[in-house]
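Single-letter residue listing:
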Amino acid sequence: MTLKLLGTVALCATALTGGTAQAALINSYDFDGSYADTLGAGNDLVASGGTISGGEYIFSGNQGLRLTDALPSTTDYAIELGFSVTDSVGGYNKLIDFQDLASDLGLYIYSGTLDFYTTGAGGGSISVGQDVVVGFARSGGVLSYYLDGALIASAADTANQAVSGANVLNFFEDDFATSQSESFAGAVDYIRIHDNISTFGAEPAPAVPLPAGLPLLLGGFGLLGLMRRKS
């Protein structure tokens, strides 16, 4: 079943029940053979080098991913990255760039710890070859850092350094101001965009069979439309 059909079914069910639904998990990029959003709502990621293999995006230094119209809100959002570093965590290594590669500002791994340059250190410990889940959220002007599901630090973003004016995110690729030298090699399992931290760790909704009787109901709608065209 396609996601488009699932969306149609959900819309029909909502119309019939009068209910509404809001998902906090907005986009999920799972690299199952493409750079597309598994949930079908967001733009495709654009890669600057690297390859998809075995359900992962594999990249070397100075390679990464770009996402336009990336966030539901540029001031309040949550981003989740499942990845591993394969070369080195020494020095600065950019995870997320919010200024479309125009400045040093962004979320880094700095000597094995999370750090937002220049708002504040996040802490934690990330090693080469370790599978980690990094969560980064901005809400009410406060940045929150998560590592493997645990909140490790918070910092006030009074200068709005984690606000993307163009709503463009770049992942794993350093800005041009430092000749893209502050980057690393790694493998990414997924990138997920949330509207808040409440769904960190949530899996994308699977494609499920239609509820019993719903195909008949939808078929009835089609028959009703056909009868109207004939009348």
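Worth saying up front: this structure is predicted, and the values here are computed from it rather than measured. (Residues numbered from 1 in each chain as written. Predicted model: local features only at pLDDT ≥ 70, side-chain atom pairs only at ≥ 80, totals over all residues. Heavy atoms only, no water.)

**Digging into the nonpolar core**
Judged by nonpolar contacts, the single largest core of 39 residues is most densely connected at I79, F83, L95, F171, F172 and I191. A per-element tally of this core places strand β6 (residues 77-85) first, with five residues. What I79 contacts, discounting residues up to four positions off in sequence, is L71, I96, F98, V134, G135, F136, L169, F171, R192, I193 and F200. (Core = buried A, V, L, I, M, F, W, Y, C linked by side-chain atoms within 4.5 Å. Buried < 20%, exposed > 50% of the residue type's maximum accessible area, 1.4 Å probe, protein only. Helix = DSSP H or I, 4+ residues; strand = E, 2+ residues; numbered from the N terminus. Contact = heavy atoms within 4.5 Å.)

**Quick word on the packing of aromatic side chains**
Here the structure, examined in full by the defined rule, presents 20 aromatic pairs. Consider the rings of Y92 and Y108, whose centres lie 5.2 Å apart with planes at 75 degrees: the pair is edge-to-face. Residue Y92 is found in strand β7 (residues 92-97), and its partner Y108 is found in strand β8 (residues 106-110); the two are separated by 16 residues along the sequence. Here Y92 falls in the partly exposed class, since its relative accessible area comes to 28%. Centre to centre, the rings of F136 and Y145 are 5.7 Å apart; their planes meet at 65 degrees, and the pair counts as edge-to-face. (Phe/Tyr/Trp six-rings, centres within 6.5 Å; stacked < 30°, edge-to-face > 60°.)

**Considerations on the pairing of strand β4 (residues 56-59)**
Side-chain alternation along β4 places Y57 and F59 on a buried face and E56 and I58 on a face that remains uncovered. Of the strand pairs in this sheet, strand β3 (residues 51-53) and β4 are connected by three bridges, and their pairing is antiparallel. Bridge assignment links S53 to a residue of β4, and that residue is E56. Relative to strand β15 (residues 186-194), β4 is paired through three bridges, and the arrangement is antiparallel. Each bridged residue has a counterpart across the sheet, and for F59 the counterpart in β15 is G186. (Pairing = 2+ DSSP bridges.)

**Some remarks on the pattern of salt bridges**
Counted according to the given criterion, the structure contains seven salt bridges. Here D100 and R66 are joined by a salt bridge, their closest N and O atoms 3.0 Å apart. Of this pair, D100 sits in the loop between β7 and β8 while R66 sits in strand β5 (residues 64-68), placing them 34 residues apart in sequence. Taking relative accessible area as the criterion, R66 reaches 32% and is therefore assigned partly exposed. Measuring nitrogen to oxygen at the nearest pair gives 2.6 Å for the salt bridge that ties D97 to K94. (Salt bridge = Lys/Arg side-chain N within 4 Å of Asp/Glu carboxyl O.)

**Focus: the pairing of strand β9 (residues 113-117)**
Sheet topology note: the β8/β9 ladder contains five bridges and is antiparallel. Note that in β9 the partner of Y110 across the bridge is T113. Hairpin connection of β8 to β9: two residues between the antiparallel strands, including S111 at a positive phi of 50 degrees. Pairing of β9 with strand β10 (residues 120-123), which is carried by three bridges, proceeds in the antiparallel orientation. What sits directly across from D115, in β10, is A121. Connecting β9 to the next strand, β10, in antiparallel fashion are two residues.

**Some words on the sheet that holds β5**
The strand order across the open sheet formed by seven strands is β2-β5-β14-β7-β8-β9-β10, and the pairing between neighbours is antiparallel. Of all the strands in the sheet, the pair left with one neighbour each is β2 (46-48) and β10. With direction set aside, neighbouring strand axes in the sheet form an average angle of 25 degrees. (Axes fitted to C-alpha atoms, helices over the stretch in contact; angles between N-to-C directions.)

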